[in-house]
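# Overview (structure and organization)
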Amino acid sequence: MSTLRVLTGITTSGTPHLGNYVGAIRPAVRASQQANVESFYFLADYHALIKTSGDPARIQRSTLEIAATWIACGLDPAKVTFYRQSDIPEIPELTWFLTCICGKGLLNRAHAYKAMLDKNAASGAEPDDGVTAGLFMYPVLMAADILMFNAHQVPVGRDQIQHIEMARDMASSFNHLYGEHFTLPEALVDDHVATLPGLDGRKMSKSYDNTIPLFAPREQLKKLILGIVTDSKMPGEAKATEGSALFQLYQAFATPAETAAFAQAFADGIAWGEAKQQLFDRIDREIAPLRATYDDLMGHPERVEALLQAGAAKARAIATPLAARVKHAVGLRPLQAASASTTAKADKAALPTFKQYREKDGLFYFKLASAQGHVLLQSSGFAAPKECGQAIAQLKTHGYSASPALHPQCQLSDGTSATDADTALQTLRDAT
Ligand code: TRP
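Residues numbered from 1 in each chain as written. Predicted model: local features only at pLDDT ≥ 70, side-chain atom pairs only at ≥ 80, totals over all residues. Heavy atoms only, no water.

Before going further, it helps to spend a moment on the overall build of the chain. Looking only at helices and strands, one finds 16 helices and 9 strands in the chain. Relative to the globule expectation of 22 Å for 432 residues, the C-alpha radius of gyration of the chain, 28 Å, shows a markedly less compact shape. Considering only C-alpha atoms, the chain reaches an extent of 100 × 55 × 40 Å along its principal axes. Considering only residue pairs separated by 6 or more positions, the chain has 71% of its internal contacts joining residues 24 or more positions apart. Counting every atom, the chain has about 21600 Å² of accessible surface; 56% of that belongs to carbon and sulfur. (Helix = DSSP H or I, 4+ residues; strand = E, 2+ residues; numbered from the N terminus. Rg over C-alpha atoms; globule rule 2.2 N^0.38 Å. Contact = heavy atoms within 4.5 Å. Areas by Shrake-Rupley, 256 points an atom, 1.4 Å probe, with all protein chains shown as cover.)

Here it is as structure tokens:
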């Protein structure tokens, strides 16, 4: 329970570029190597459909490229849980449960949706022109991604903070209605990550068409770097590092000592051609070994597929039981349990309970009942309430099987196994 769970999703709608590498992939891979963190990374391919619908080949290609990129960059599928969203059917299932408790007004306030409304207002179009229900519902799908694994922290860019807040809102509404099922997640925003300039000096971004693909073949990488805009200073003239895209790119890959030397070369009037060659060498030194792994994986998509399947199995070991609990909590249940579930109050909390009471014989007793009200354990009489309380505390902390000294005073009821009692006690422990 106590390990920190960190989860993040990568939308599979594009080819990773150097800006993604420096700003997201490299720091995330480093963070995933920390001890005492349980990391979840997933390919958000359901999200990709929102932006890229009507282009199936592109989604498939991008999913392969992004999966191969993360593995090539050092994400270790044995240490982290690395999976594809659409391999986890519990996520769309949970999306519906959250849809039914999420206020429409909350979604109306989403920045991405509001931006579309503003754009349409400005151009005189219908307010919802070009807005699919998928775009509108996107924050609910994203909440399901996060809550499905009870993540504590979600590393995201600033533009995503609102979505994490919405996920918190949905988690607390759900918990309020149906019992404590979900952890309230927090956004983790790293203000120190570099944003890289692109070929034209503006921020490197797909929407500006100024990117350098992370795994462009070596020759193409060189050509692209030679095309980075500079001013028209001649060789021998001192060059400013401030505002130089070339310099910022170099800095993102170099050690402080290398960066200082590069700054000195600028002051000494290095020719732009030479500076670009040095930049290419420096980037390629870091990227070349990763590129070799990437090219290898791209040539063997079946290996990537196998890794994702293994990741899905790991993820579903968590998602399947949680989805089952949630489904039960909202009332989608086998019908034979219906009569036992009419005690609406006990049901709402969906937790097993201890009841302590005093009998006419003057002795103190307790029983453990399941969330549905079935008695699992029944004690014999204790002389003092304190002894009764101690026995309960012992069971709560260690479970039934691990407390053999209590067995003479504490009987399993008919049809209840020691495992049933242990499971109920574990549920109680997890919830408190
Ligand atoms: N919407 C995120 C983005 O565009 C990607 C994403 C989908 C995500 N689901 C997520 C990020 C869950 C964090 C957690 O960047």
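Still more ground to cover, so stick around.
Moving on: the site of the ligand. Taken together, 14 residues lie around the ligand, and Gly9, His47, Tyr138, Asp145 and Gln160 are the ones closest in. Histidine 47 has a polar side-chain atom sitting 3.4 Å from a nitrogen atom of the ligand. Here a nitrogen atom of the ligand and a side-chain polar atom of glutamine 160 are 3.2 Å apart. Listing elements by their share of the shell around the ligand, those giving two or more residues are strand S1 (4–11), strand S2 (37–44) and helix H7 (133–147). (Near = heavy atom within 4 Å. Polar contact = N/O pair within 3.5 Å; in protein donor to acceptor, adjacent residues only side chain to side chain.)

As a further point, take the domain arrangement of the chain. When cut into domains, the chain gives domain 1 (4–195 + 300–327), domain 2 (215–297) and domain 3 (339–431). The centre of domain 2, based on its C-alpha atoms, is set 68 Å off from the matching centre of domain 3. (Domains from an automatic or database assignment.)

Attention now moves to the environment of aspartate 169. Tracing the backbone shows aspartate 169 in helix H8 (residues 161–178). It is 8.3 Å that separates the C-alpha atoms of aspartate 169 and cysteine 102, two residues lying 67 residues apart in sequence.

Next up on the list: the sheet that holds strand S9 (residues 410–412). Spatially, the 4 strands line up as an open sheet ordered S6-S7-S8-S9, and their pairing is antiparallel. Only two strands of the sheet have a single partner each, and these edge strands are strand S6 (353–358) and S9. Each strand of the sheet is rotated relative to its neighbour by a mean of 20 degrees, with strand direction disregarded. Two elements, strand S8 (residues 375–379) and S9, share 3 bridges in a ladder whose sense is antiparallel. Residue pairing in the sheet places serine 379 in a bridge with cysteine 410 of S9. (Pairing = 2+ DSSP bridges. Axes fitted to C-alpha atoms, helices over the stretch in contact; angles between N-to-C directions.)

What follows concerns the pattern of salt bridges. Overall, the coordinates contain 13 salt bridges when judged by the stated rule. Of the charged contacts in the structure, one is a salt bridge between glutamate 286 and arginine 26, with a shortest N-O distance of 3.0 Å. With a gap of 260 residues between them, glutamate 286 in helix H12 (residues 272–298) and arginine 26 in helix H1 (residues 18–32) connect regions that are remote in the sequence. Like glutamate 286, the residue arginine 26 is buried in the burial classification. Here aspartate 284 makes a salt bridge to arginine 218, at a shortest N to O gap of 2.7 Å. Within this pair, whereas aspartate 284 is found in helix H12, its partner arginine 218 is found in helix H9 (residues 218–226), the two being separated by 66 residues in sequence. A relative accessible area of 6% places aspartate 284 in the buried class. Take arginine 218: its relative accessible area is 42%, and that puts it in the partly exposed class. Bridged by salt links that share partners, the residues Arg84, Asp87 and Glu305 form one connected network. (Salt bridge = Lys/Arg side-chain N within 4 Å of Asp/Glu carboxyl O. Buried < 20%, exposed > 50% of the residue type's maximum accessible area, 1.4 Å probe, protein only.)

Helix H11 (residues 256–267) packs onto helix H10 (residues 245–253) with a crossing angle of 160 degrees between their chain directions and a minimal axis gap of 9 Å. By the angle between their axes, H10 is roughly antiparallel relative to H11. Note on packing geometry: the crossing formed by H10 with H11 is right-handed. Residue-level contacts link Leu246, Phe247, Tyr250 and Gln251 of H10 to Glu258, Thr259, Phe262, Ala263 and Phe266 of H11. Its residues assigned to classes, the contact of H10 with H11 comprises 6 nonpolar, 2 polar and 1 charged. (Parallel < 35°, antiparallel > 145°, perpendicular 65-115°, else oblique. Left-handed = near helix turned anticlockwise from the far one by under 90°. Nonpolar A, V, L, I, M, F, W, Y, C, P; charged D, E, K, R; others polar.)

What follows covers the packing of helix H3 (residues 56–72) against H12. Helix-helix packing: each pair is described by the crossing angle between the helix axes and the interaxial distance. Running from N to C, H3 and H12 cross one another at 140 degrees; their axes reach a closest spacing of 9 Å. It follows that H3 is oblique to H12 by the angle criterion. H12 is crossed by H3, and the crossing has right-handed handedness. Here H3 contributes Arg61, Leu64, Glu65, Ala68, Thr69, Ile71 and Ala72 to the contact with H12, which in turn contributes Leu290, Thr293, Tyr294, Leu297 and Met298. Class assignment for the residues of the contact of H3 with H12 results in 8 nonpolar, 2 polar and 2 charged.

Okay, the side chain of asparagine 120 next. Take asparagine 120: it is sitting in helix H6 (residues 111–123). Residue classification places asparagine 120 among the buried positions, given a relative accessible area of 6%. Filtering out sequence-adjacent residues up to four positions away, asparagine 120 remains in contact with Ala125, Glu126, Pro127, Asp128 and Asp129.

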